[in-house]
Amino acid sequence: MSANLKDRVRELLDAGGGEPLEGGRFLPLVTLESGARVGLDGAGAWVFAPEDGGTAQAFAPERGRAFFEVLESKRDDFDASIEAAARAAGLPPEEVAFSFPAVDVVRAVLARGLPSMTRLALAWLRLTEARALRADIVAVSRDPTMPVPIRDLAERLTVPE
């Protein structure tokens, strides 16, 4: 995420935009089926805020699994929601959408090795993201504990080096 975008988000939140969040504010951009919200905080970090009032978590690669619920949304719908909310907030829609850590979320889910979540993660990927996840996808395609259809999907997604 560019410094300019971070500054614009911070300005929006400092002016009272967004919603209160423990110790600050955040700009919700997507509401998931469960009611959880995903958005940006004043530091430009992506935040997952559970609907039940549980502790919100800022994204970090080691906590990528906390964001797994986004994979239950259709990717086009998820991206469109981010873009529409960004546009409504006066932010550049594509830059905001591209700043979502999709690769890191998918990587964290693939590392768990759960077949149903692995299938969702692979199906959620954009082809432009597959190269960054090549080693992870190859590992899925060779994992004998994965069902054959999931290994086949991973094989089809494996891009040349």
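Our structure is the block above this text.
What counts and what doesn't
Residues numbered from 1 in each chain as written. Predicted model: local features only at pLDDT ≥ 70, side-chain atom pairs only at ≥ 80, totals over all residues. Heavy atoms only, no water. Buried < 20%, exposed > 50% of the residue type's maximum accessible area, 1.4 Å probe, protein only. Helix = DSSP H or I, 4+ residues; strand = E, 2+ residues; numbered from the N terminus. Arc of directions from axis to C-beta. Contact = heavy atoms within 4.5 Å. Pairing = 2+ DSSP bridges.

(A) Layout of helix α8 (residues 148-157). Where α8 is concerned, the buried positions are I150, L153, A154 and L157. Projected down its long axis, α8 carries its buried residues within an arc of 100°, all on one side. Exposed side chains of α8 directed beyond 90 degrees from the buried face belong to E155 and R156. Buried residues along α8 sit in contact with α5 (115-124), α6 (127-130) and α7 (134-141).

(B) Fine view of the pairing of strand β3 (residues 37-41). Most of β3 sits out of view: four of its five residues are buried. Here strand β2 (residues 24-31) runs beside β3; their pairing, made up of five bridges, is antiparallel. Bridging from a neighbouring strand, L27 pairs with L40 of β3. If you look at the hairpin formed by β2 and β3, you'll find five residues sitting between the two strands, and G35 has a positive phi there, around 100°. Where β3 lies against strand β4 (residues 46-49), four bridges are found, and the strand directions are antiparallel. Considered in β4, the bridge of R37 is made with A49.

Any functional reading would require information beyond the geometric quantities listed.
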